[in-house]
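# Descriptive analysis of the structure
What follows is the residue order along each chain.
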Amino acid sequence: MILYALALLLPVLAQGGDLDGLLERIAAAKDKDLGVREPLIRELCARDDDASRRAALRLLDGEPQARVRTLLLEHLLPMPGLEQRMLAELERGEDVEPMAVAARWFVEHRGAEGAQLLVALHDEKIEVRIRTACLMALGRRPDPGKAFAERWRRLGNSSRLTVLASLRGLLAPVLTEVRKEAAASPHAGLQGEALVQLVREGDGDALATVRRLARGKSEPELVAPLFEALAAQATTRDLELMARMLAREPGRLAPVLRGLAPELLAREDVRAWVTGKGAGHARAEVRTLALSLATRLPADRVNAALAGFIDDERREIRRRALVLLAGLGDARAAEGLERELDKGADEDRAEALEALASLRGDDADFGKLLVRLGAEASPALRMTALELAADRGLRGVLPLLPALLQDRDWRLRATGIRVAMKVRDASSIPLLIQAMKREDGRLEADCRDALASLTRFYKNTAEEWERWWKEHAEGFELPPPAEEPVRSSADATQAEFYGIPIFSKRITFVLDTSGSMGERVGTGTTRIRVAREALKAALRRIPPDARVNVVFFDTVVRAYAKRLVEVGRELDQLVAFVDKAEPLGATNLWEALLAGFDDQAVDTLFVLSDGEPSAGEITDPELLGDEILRRNRLRRLRIHTVSVGLDSALLRRLAEASGGRAVRY
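Residues numbered from 1 in each chain as written. Predicted model: local features only at pLDDT ≥ 70, side-chain atom pairs only at ≥ 80, totals over all residues. Heavy atoms only, no water.

On a plain count of helices and strands, the chain comes out with 33 helices and 9 strands. Dimensions of the chain along its principal axes, counting C-alpha atoms only, are 95 × 70 × 60 Å. Put simply, the chain has 665 residues, and 52% of those count as buried. Excluding contacts between residues fewer than 6 apart, the proportion of contacts in the chain whose partners are at least 24 apart in sequence is 64%. Per element, the accessible surface of the chain, about 30,300 Å² overall, is 51% carbon and sulfur. Each charge class in the chain was averaged separately, 100 positive and 104 negative side chains, and the resulting centres sit 2 Å apart. (Helix = DSSP H or I, 4+ residues; strand = E, 2+ residues; numbered from the N terminus. Buried < 20%, exposed > 50% of the residue type's maximum accessible area, 1.4 Å probe, protein only. Contact = heavy atoms within 4.5 Å. Areas by Shrake-Rupley, 256 points an atom, 1.4 Å probe, with all protein chains shown as cover. Lys, Arg positive; Asp, Glu negative; His and termini not counted. Charge placed at Lys NZ, Arg CZ, Asp CG, Glu CD.)

Once that is clear, we can look at helix H9 (residues 157-165). Working note: α-helix, 3.6 residues per turn, so residues spaced by three or four point in the same direction. Considered for burial, the residues of H9 that qualify are Ser-159, Arg-160, Val-163 and Leu-164. In an axial view of H9, the angular spread of the buried residues amounts to 135 degrees, which keeps them on one side of the axis. If you follow the buried residues of H9, they end up packed against helix H7 (128-138), helix H8 (145-154), helix H10 (173-183) and helix H11 (188-201). (Arc of directions from axis to C-beta.)

As a further point, take the pairing of strand S7 (residues 604-609). By the criterion of burial, S7 is predominantly enclosed, with 6 of the 6 residues buried. Burial along S7 is two-sided: Thr-604, Phe-606 and Leu-608 and Leu-605, Val-607 and Ser-609, pointing in opposite directions, are all buried. As defined by bridge partners, strand S3 (residues 506-512) adjoins S7 across 5 bridges and the pair is classed as parallel. Among the inter-strand pairings, Val-510 is bridged to a residue of S7, identified as Val-607. (Pairing = 2+ DSSP bridges.)

Moving on, we come to the nonpolar core. Counting 161 residues, the largest nonpolar core has Leu-90 and Phe-148 as the members making the most contacts within it. If you look at the next biggest cluster of nonpolar residues, it comprises 32 residues, including Ile-500, Phe-509, Val-521 and Ala-534. (Core = buried A, V, L, I, M, F, W, Y, C linked by side-chain atoms within 4.5 Å.)

The relative placement of two packed helices is expressed as an angle between their axes plus a distance between the axes. Axis separation between helix H32 (residues 621-635) and helix H33 (residues 649-658) bottoms out at 10 Å; the angle between their running directions is 20 degrees. As the angle between them shows, H32 and H33 are arranged roughly parallel. The hand of the H32/H33 crossing is right-handed. Contacts between H32 and H33 involve Pro-621, Glu-622, Leu-624, Gly-625, Asp-626, Ile-628, Leu-629 and Asn-632 on the former and, on the latter, Leu-650, Arg-653, Leu-654, Ala-657 and Ser-658. Considering only residue class, the contact of H32 with H33 consists of 7 nonpolar, 3 polar and 3 charged. (Axes fitted to C-alpha atoms, helices over the stretch in contact; angles between N-to-C directions. Parallel < 35°, antiparallel > 145°, perpendicular 65-115°, else oblique. Left-handed = near helix turned anticlockwise from the far one by under 90°. Nonpolar A, V, L, I, M, F, W, Y, C, P; charged D, E, K, R; others polar.)

Before going further, it helps to examine the environment of Leu-629. Relative to the helices and strands, Leu-629 resides in helix H32. The sequence separation of Leu-629 and Ala-657 amounts to 28 residues, and the corresponding C-alpha distance is 7.6 Å. Filtering out sequence-adjacent residues up to four positions away, Leu-629 remains in contact with Arg-653, Leu-654 and Ala-657.

Moving on, we come to empty space enclosed by the protein. Inspection of the entire model under this criterion finds 2 cavities of 30 Å³ or more. Put simply, the second largest cavity is a space of about 30 Å³. Contributing to the lining of the second largest cavity are Arg-69, Glu-89, Arg-92, Glu-94, Asp-95, Pro-98 and Met-99. For the lining of the second largest cavity, the secondary structure elements donating two or more residues are helix H5 (83-92) and helix H6 (96-124). When its residues are assigned to classes, the lining of the second largest cavity shows 2 nonpolar, no polar and 5 charged. (1 Å grid on protein atoms, 1.4 Å probe; cavity = no way out; pocket = protein on both sides within 12 Å on 5 of 7 lines; lining within 4 Å. Points joined across faces, edges and corners; volume = space filled by probe spheres on them.)

Turning our attention to the packing of aromatic side chains. Counted according to the given criterion, the structure contains 13 aromatic pairs. Measuring from ring centre to ring centre gives 5.7 Å for Trp-465 and Trp-468, while their planes differ by 90 degrees; the resulting arrangement is edge-to-face. Of this pair, Trp-465 and Trp-468 both sit in helix H28 (residues 462-472), separated by 3 residues, roughly a single helical turn. Residues Trp-465 and Trp-468 agree in their burial class; the two are buried. Note on Trp-469 and Phe-476: the rings are 5.7 Å apart at their centroids and 75 degrees apart in plane angle, and the pair reads as edge-to-face. A relative accessible area of 18% means that Phe-476 is categorised as buried. In this structure an aromatic cluster arises from ring pairing among Phe-457, Trp-465, Trp-468, Trp-469 and Phe-476. (Phe/Tyr/Trp six-rings, centres within 6.5 Å; stacked < 30°, edge-to-face > 60°.)

With 6 of its 7 residues buried, strand S4 (residues 547-553) lies for the most part within the structure. Bridge count between S3 and S4: 7 bridges; the pairing is parallel. Of the residues in S4, the one forming a bridge with Val-510 is Val-551. Relative to strand S6 (residues 565-566), S4 is paired through 2 bridges, and the arrangement is antiparallel. Bridging across to S6, Val-548 finds its partner in Val-565. The pairing of S4 with strand S5 (residues 557-559) spans 3 bridges and is classified as antiparallel. Of the residues in S5, the one forming a bridge with Phe-552 is Arg-558. Two successive antiparallel strands, S4 and S5, enclose a turn made up of 3 residues.

Along helix H12 (residues 204-214), the positions that sit buried rather than exposed are Ala-206, Leu-207, Thr-209, Val-210, Arg-211, Leu-213 and Ala-214. Elements in contact with the buried residues of H12: H11, helix H13 (220-233) and helix H14 (236-248). Two to three positions downstream of the cap, the backbone nitrogen of Asp-205 sits 3.0 Å from a side-chain oxygen, assigning the N-cap of H12 to Asp-203. (Polar contact = N/O pair within 3.5 Å; in protein donor to acceptor, adjacent residues only side chain to side chain.)

You will see that Arg-456, though not glycine, has its phi angle at about 70 degrees, which is positive. By secondary structure assignment, the location of Arg-456 is in the loop between helix H27 (441-455) and H28. With relative accessibility at 46%, the residue Arg-456 sits in the partly exposed group. The residue Arg-636 is not glycine, and still its phi comes out positive at about 60 degrees. Within the secondary structure, Arg-636 is located in the loop between H32 and strand S8 (638-643). Judged by relative accessible area, which is 16%, Arg-636 ranks as buried.

A few words on the packing of helix H15 (residues 250-265) against helix H17 (residues 284-294). Between H15 and H17, the shortest axis-to-axis distance is 10 Å and the interhelical angle comes to 75 degrees. With respect to their mutual orientation, H15 and H17 come out roughly perpendicular. Within the contact between the two elements, H15 uses Leu-257, Ala-261, Leu-264 and Leu-265 and H17 uses Leu-289, Ser-292 and Leu-293. Class assignment of the residues belonging to the contact of H15 with H17 gives a composition of 6 nonpolar, 1 polar and no charged.

Structure representation (structure tokens):
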């Protein structure tokens, strides 16, 4: 019996111990950025016990961040006896989300009495956020009543939208009534949200309206809701309409489709459409939608579905299906990919070659193809072939090195340096030393890294390397490769940005100035101020003959100049431009990166951001990353990234794929 009691007690004791450790970590992160603290708070709120709720109550006092307050308050919802605490939260009047959770507490714990209190509070308060929060809670009652509808009508459009969006999935006659009113609103966001909710309720008139609007050009705020409403019905007719919309607005709707795909593909009729009528449709945009959905089918069906698109008459559809199928290791893609190498845009041919490489492995004939393409193809295909050959250690590319390292195209010279570093041979050392004499900036540092990697020695200048080689050339044997890449290190006078050494002399700095950059960090200053000071320090230490540009982005993109400018001539003006940066608006990372790519003289980007993309033509991180890296197959920019407050998978991906460094601040 004692053993049984201990068996029951041990998990409780362990849970308590875990809680103490968690609370210590939360306390240690008190002054850290939100990206550090929020995961810890979520871990606390995932627990379902009184001890964690009492801890959440203590943490709530003095917590400035609305997102964290919302998490803590949601965790406290089951806890009784919090009338004064929740009323105090409501009357703060600062942020709607935590206030709405506090209002819900009264509805869930005090019933009709709590609802009366919220009505009274709504009517006596002028502050819009308090009234909005009260209605968000009142609308969740089984029968919100006419009092809710009357007060909802008095709100402004944006507040009505906030309330309506919070009530998705809830059914009540009054809610249907306000949804129908909102569906006739001239406010696009409010109309779209109402139409989605009505279609999900089964309202035929709303569906007819959605179909009519989807056939024409809609306001930007209405596009995604119409797309979602059509997906809720998803007849053949609706899927074809969705395809037309996706073709018009791929950047806006691709992430929406990704979110809707599990719901759509849960239906057998939609899965059958994807591999049947959708795949064989006469219109290319419909086949494109079918292909997008095919990629998200269950694992046992996706290969067969993709194989149905590899002979499509539209090159883009065919190429995408082939690349995806190759990524799954399906040999059926090989023949088609080989055909794709013969014509088309350089970026597409390079992508096809990379996909083919994943299927052909160490095949000797494929190795010969890589060497041939590395000598004869267009620049994009040459660079890709050389990189793939170097990854395989193909010594057949070594005779190409002398010409590569002297090519007029800096991208091919950079590729040659990487080939020399990966295909290890002592004959490359004098070639790299001579190349280092000719280069400066990024490529000079790349030569230094390659020489250090080959020899396990480190010399700063080409002259030092030359003297060393004269002494050691005879009988020199390469050491085994280092486990970690050998990189140039900054000395005390080296310019750097957030700890990343700056070796390039042709740089564009791309910095986020969205509203969230106004958030305070642990030191009490703001993110934007830290970024400004770091950038100014870098500009002051960069060699005067280096050429730079600075691009700030929020909802819009602002560049210091159209092209790179010489730091020594315009340092004061650059510093003044940096000092003007203030946090405002959303995060248009897509257009900011395009601005960085626009100047063909640039070889290095430094990109700083504190959030996911939220404005511009492409806001989906996966699609944005795909498109930027696709463009970079030809540009060969090195992209260094700084994630402020969060660990951005997108920024990390851009850095790792381009040979740059990713840091988190």
